[in-house]
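Each chain is listed here by its residues.
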Amino acid sequence: MMRLFGVGLLVGCCGLLFVHSLWSVLSLWVIAATFLFFLFGCFLSKHYRVLATLWLGICIGICWSQYRADVALSSRLPVVEEALLIRVEAKVCSLVKHYPKLSSFELCVIDWLSEPLPIKKLRVRWYHPDDELEVGETAEFLLKIKTPLGRMNPGATDEERWRLLAGLDAEGYVRDIKLRRPPVLSLLSVRAEWVSFIERLTIHSEFQGWHLALVVGERHGLKSAEKERLKHSGTAHLIAISGLHVGLIYGWSFLVFSTLWRLLPGRWLIWPAHSVAMCISLLLAGLYAWSAGLSLPTQRAMIALSLWVIVQMLGLQWSLSRLLAVTVSLLLLWEPMSVMSESFWLSLVAVSLIFLCLALFKLRGWRFWLLLQAVMSLVMSLFAALLFGELSINAFLSNIIAIPLVSMVLLPSEMITVLVACLQESWGMSLLVVNDVIIEGLNGYLRQMNQWIPAYSLSVAQSIGIGVVALLLLGWWTRKIPVAFALITSLVIGLGGWSWQQSQDKGFSLHVLDVGQGLAVVGISSELVFVYDTGDASAHWSAAQKYLLPFLRSRGVSHIDFLFISHRDRDHRGGLQVLLDSFSVGRIIEGEQSELLNAEPCEGELNGDNIQLSWRQMPAQSRNNASCLLKVSVAERQWLLTGDIERPAEKYFLHHFADWIRADVLLVPHHGSATSSMSAFIEAVAPEWAIVSSGYANRFKLPNKKVMERYRQNGVKTLNTWRNGMISIKIDEKGSILIGTHRTESQNFWNHSMVSSN
């Protein structure tokens, strides 16, 4: 019965993944009433008890997950047009991360000194801080805040889902701080001191990011190149503290303390060595989870370990399937919204695989662990490919070295180094050199693997294909899924995915990505792929890395035929180098000359079978008015991409290329600035649609309201990326323009509803 309840609970919680809005209270009461009637039937017939248990799990899963989701949404700041100025008394309730010219941290609201809002926790930035804040410190903050509105693009991380799971109700920046009070002693402040100690210990290490990630779970110190190397080799899980790491600490501690306990004099042996070792190991695993910030994955690991210890201490003879069912049930009762997190599913699949291997294979010892690692590497690579859209073909070869090296050597060595450093810091620094050698060797191996066998980016159809293969393998391996059923199911899924991909690939589509205050446009047809601008970037962030590259990979793009850089402003060419490092590029056209030796000037055209491109610019100009304009013509429909041109350039094109600028879809010049979009220019272009690429509540207050009113007065329909997410404009086989917005197409209950165009 426990197994059925666990399955039902999981199914009920998974309902969160498929609803566009939370159910009403009436709907939940109907579910509860239905269960009561069903339960009453169980007393009349024993045959209903099995179904009643399953239905009980489903009902509890639905009601509990919906309630927790509703509570999380109730404190989130609704969408506001402009940032709000507020004053609050708040406490710094996270580690303070320091970047060049700014600090980033989370605030927990204690009291409102201005009009109260529902928010409880928010993430803020403090630009050019004149002092350092401490964890647990309270003060009066003058803040400029806005809704935690995520940028929505296919293939990229769903930022609104991530922020909801993190409990972030708003975001903003600090305007002023007053009446600062020192922090009181707490677990959070003690952990902050612990993290500072590890930072001091590793400050001279080339691999400080690795040490911080493995010891205290802070990955912000990892270099971009290291993150990419780990991701492409399928080994990123090794530096993200999770159940694997907590379980290893438990296992190593159990081995050490059970051995030591048996060496003690006989009078101590009245307590069994394994019982003492389990209790001490559980305590040390809990300390390690606390060191990692008690993140949700470590909380799940501690719940599972605690259950395991209780079962062993009480001598309960539970089967592996029952233990798994109870573990999953406890995890979901603890946090039903876990089903929205990829880490939950990765953990669930990993634990299920371990239990399945224990049940199916009679091997034990090193042969079992080698077989388990092979199975885990293969299946987890396939599952990760489904989740993240990238198949690391070298994952098996990388993990077969990396997992034992990190598990058996590096992680224990890190713990020993830290313990020694607590006694004498200089001794710990000496031992750290050994760890650096291990990390350097592992990095070299992963770098070589990525060069020999690069990761493969998957389109949606290919990801579905991976799922088909996984289903067939599961049916063959367990022999519990009939081969005919597996083949038929796989065929249906495969044909459905292939048909969907074929429908996506027909005709031409242009996509204006949601990259915040910047611009990135992708055009895809059966003949070519082009990119127009690459979004903004800074020392620690890149729009191309977060949005442009994942989108291109999700569409199966491996080569870019044309790369247009309108001009040299950072919000248009910030991701240029990231794109060049990740994709092969045919021709590069720039509006302003740069250090790129193979870049061509903005003057030319391409006449394909079904698509025509032409590009030109206003001569002898710099910055905005030097922007390279691109005109795309397909099936007697035209798009005009304008960069950041202003009135002088608009007048130039009006006088010299009035016919050329006419288009059905216009990318609004300069993000809708008041310096652009003259009435005469709008009338000459005569677009049906005008698309604005701008950031939510940006400091430039773009697009300008008067400019957008000018478009509406000319009968032009407008869309904005911050409101609508990525905007796709397609031409079907009949030559009709089809508009799609990602916020509408991918609406989930955690996403803000689409608001009207500006």
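Computed from a prediction, not measured in an experiment: that's the story for all the values here. (Residues numbered from 1 in each chain as written. Predicted model: local features only at pLDDT ≥ 70, side-chain atom pairs only at ≥ 80, totals over all residues. Heavy atoms only, no water.)

## Remarks on the overall build of the chain
Helices and strands together make up the secondary structure of the chain, namely 25 helices and 25 strands. Going through the 758 residues of the chain one by one, you find that 49% of them count as buried. Taking all contacts inside the chain whose residues are at least 6 apart in sequence as the whole, residues at least 24 apart take part in 70%. With an accessible surface of roughly 36100 Å², the chain has 63% of that area assigned to carbon and sulfur atoms. (Helix = DSSP H or I, 4+ residues; strand = E, 2+ residues; numbered from the N terminus. Buried < 20%, exposed > 50% of the residue type's maximum accessible area, 1.4 Å probe, protein only. Contact = heavy atoms within 4.5 Å. Areas by Shrake-Rupley, 256 points an atom, 1.4 Å probe, with all protein chains shown as cover.)

## Side note on the pattern of salt bridges
Here the idea is simple: oppositely charged side chains can pair when their charged atoms come close. One pass over the structure, following the stated rule, counts 18 salt bridges. Across the salt bridge formed by R180 and E137, the nearest N and O atoms sit 2.5 Å from each other. Of this pair, R180 sits in strand β6 (residues 170-181) while E137 is found in the loop between β4 (121-127) and β5 (138-146), placing the two residues 43 residues apart along the sequence. According to the relative accessible area criterion, R180 is partly exposed, its value standing at 32%. With relative accessibility at 6%, the residue E137 sits in the buried group. (Salt bridge = Lys/Arg side-chain N within 4 Å of Asp/Glu carboxyl O.)

## Details of unusual backbone geometry
With an omega dihedral of 0°, the bond running from L702 to P703 counts as a cis peptide bond. Mapped onto the elements, P703 comes out in the loop between β22 (689-692) and α23 (705-713). For H128, which is not a glycine, the phi torsion comes out positive at approximately 50°. By the secondary structure assignment, H128 is in the loop between β4 and β5. Phi is positive for E636, close to 65°, though the residue is something other than glycine.

## Side note on the state of the cysteines
Defined simply, a disulfide is a covalent bond joining two cysteines at their sulfur atoms. In this structure the tally under the stated criterion is 2 disulfides. The partner cysteine of C93 in its disulfide is C108, sulfur to sulfur 2.3 Å. Measuring the twist about the S-S bond at about 90°, one finds the C93-C108 disulfide to be right-handed. On the criterion of sequence distance, the pair formed by C93 in the loop between β1 (84-92) and β2 (97-99) and C108 in strand β3 (residues 102-112) is long-range, its members being 15 residues apart. Looking at C93, the relative accessible area reads 15%, which means it is buried. The residue that forms a disulfide with C602 is C628, at a sulfur-sulfur distance of 2.0 Å. Its torsion about the S-S bond being 75°, the disulfide of C602 and C628 is classed as right-handed. Residue C602 is located in the loop between β16 (599-601) and β17 (604-607), and its partner C628 is located in the loop between β18 (612-616) and β19 (629-634); the two are separated by 26 residues in the primary sequence. In this pair, the class of C602 matches that of C628, namely buried. (Disulfide = S-S within 2.5 Å.)

## Quick notes on the environment of L667
Residue position: L667 is located in strand β21 (residues 665-667). Placed 25 residues apart in sequence, L667 and T642 show a C-alpha to C-alpha distance of 6.1 Å. In this view, L667 contacts V512, L519, V521, L640, L641, T642 and I691; residues no more than four positions away in its chain are not counted.

## Concerning the sheet that holds β22
Read from one edge to the other, the open sheet built from 7 strands follows the order β17-β18-β19-β20-β21-β22-β23, with strand pairing classed as mixed. Of all the strands in the sheet, just β17 and β23 (717-720) have a single pairing partner and so form its edges. Averaged over all adjacent pairs, the angle separating strand axes in this sheet is 15°, with direction ignored. By the bridge criterion, 3 bridges tie β21 to β22 in an arrangement that is parallel. The partner of L667 across the bridge, within β22, is I691. On the sheet, α23 packs against β21, β22 and β23 and is oriented at approximately 145° with respect to β23. (Pairing = 2+ DSSP bridges. Axes fitted to C-alpha atoms, helices over the stretch in contact; angles between N-to-C directions.)

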